[in-house]
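The residues making up each chain are set out below.
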Amino acid sequence: MSAAELDRIEALLPNWLEEKRRKCQYGKVASYIPELSKSPAEALGIHITDAQGRSVAGGDSRLPFTLQSISKVFTLILALMDNGEEVVFDKVGMEPTGDNFNSMLKLELVQPGIPFNPLINAGAIAISSLIAGSSTTEKSARVLDFLRLLAGNPSLHYDMDIYRSESDTANLNRSMAYFLKDNGVLKGRVEDVLDVYFRHCSVQVTCADLAQMALVLAHDGNNPITGESLIPRRYVQIAKTFMVTCGMYNASGEFAIQVGLPAKSGVSGGILTMVPGKYGIGVVGPALGRKGNSIAGVALLEALSQELDWSLF
Ligand code: GLN
């Protein structure tokens, strides 16, 4: 059944890609990380992988881009595996914020001053400080190894230009991190925590890597192709729930209604999503809409989900 559906997607994709790509003109490539502004504004690509290892890909699916906020799903999972739920949710909350992804407004207003959830920047920076390891180098290496394992791609690496560009200009994230340190949320030196964070945001992937990582989440933490168990089911459940409630920032509600799948976007234009029990999906489209998600990527996923009745709700 899945093979027939993939054939149908393959037949539909070229038209949809052409149609949705036109939406790119209404979006903007992120430029607050200066190096990101070099991304191709007209690009749109997708890769879908099923549990038998069959794939459909189209458009600019081979375009390399950085994980950015998509990495937050996986640092959350690793921090849960390292510390357990109690420790993690003592430092980070579980609720959507209603604010921008880089807002520090509520940190001061709402007690006990821990970030609202692990997918906004403040929460993900707190999560970076919960990654086990005796040095910053070891912590970052553990995150990278985990991402390589999930993507089944041992050559995943950092885009050092993006890493440096973000690290050199991250005044807002830096101020947020110092604030968190003062609130007792961060362990260790602030600059070390930020270094772990900037590195995982700058891991370079393609849509195929995202699709493979998503496939593991779609199968409760197991790689359905090799049969390996990579993540405890409970932690996948937590991650997927956050993806539904907070994964697309302030557009998470609309995405849940229009697409109805767990998803996480990044400011590079990537979206990782999945049809639970079936597919892992990676999308890229660097032109972003007002709420920081790929404008053409979201439109493409809306079309696919509605045509194929993928919504979980
Ligand atoms: N590295 C980016 C930042 O901290 C991640 C944000 C995003 O992808 N939305 O600003």
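Provided above is the structure to which this section pertains.
Scoring rules and cut-offs
- Residues numbered from 1 in each chain as written.
- Predicted model: local features only at pLDDT ≥ 70, side-chain atom pairs only at ≥ 80, totals over all residues.
- Heavy atoms only, no water.
- Near = heavy atom within 4 Å.
- Polar contact = N/O pair within 3.5 Å; in protein donor to acceptor, adjacent residues only side chain to side chain.
- Areas by Shrake-Rupley, 256 points an atom, 1.4 Å probe, with all protein chains shown as cover.
- 1 Å grid on protein atoms, 1.4 Å probe; cavity = no way out; pocket = protein on both sides within 12 Å on 5 of 7 lines; lining within 4 Å.
- Sits in = over half its atoms within 2 Å of the grid points.
- Pairing = 2+ DSSP bridges.
- Helix = DSSP H or I, 4+ residues; strand = E, 2+ residues; numbered from the N terminus.
- Buried < 20%, exposed > 50% of the residue type's maximum accessible area, 1.4 Å probe, protein only.

So, on to the site of the ligand. Around the ligand sit Tyr32, Gln68, Ser69, Phe101, Asn121, Glu166, Asn173, Tyr197, Cys201, Tyr249, Gly266 and Val267, and that is every residue in its neighbourhood. Side-chain polar atom of Asn121 to an oxygen atom of the ligand: 3.1 Å apart, as the coordinates give it. Here an oxygen atom of the ligand and a side-chain polar atom of Tyr197 are 2.6 Å apart. Burial of the ligand by the protein chains amounts to 99% of its free accessible area of 300 Å². Judged by its atoms lying within 2 Å of the grid points, the ligand is housed in the second largest cavity.

Ordered by their spatial adjacency, 3 strands build an open sheet running 4-6-5, and the pairing between neighbours is antiparallel. The open sheet has two edge strands, strand 4 (65-66) and strand 5 (157-158), and neither has a second partner. Of the strand pairs in this sheet, strand 5 and strand 6 (residues 203-205) are connected by 2 bridges, and their pairing is antiparallel. Residue Tyr158 lies in a different strand from strand 6, and its bridge partner there is Val203.

To continue, consider unusual backbone geometry. The backbone phi angle of Gln68 is positive, close to 45°, even though this residue is not glycine. Along the polypeptide, Gln68 turns up in the loop between strand 4 and helix 2 (71-83). For Gln68, a relative accessible area of 2% puts it in the buried group. A positive phi angle, close to 60°, is found at Asp309, a residue other than glycine. You can see Asp309 is positioned in the segment after helix 13 (295-308).

Read these as spatial facts, not as claims about activity.
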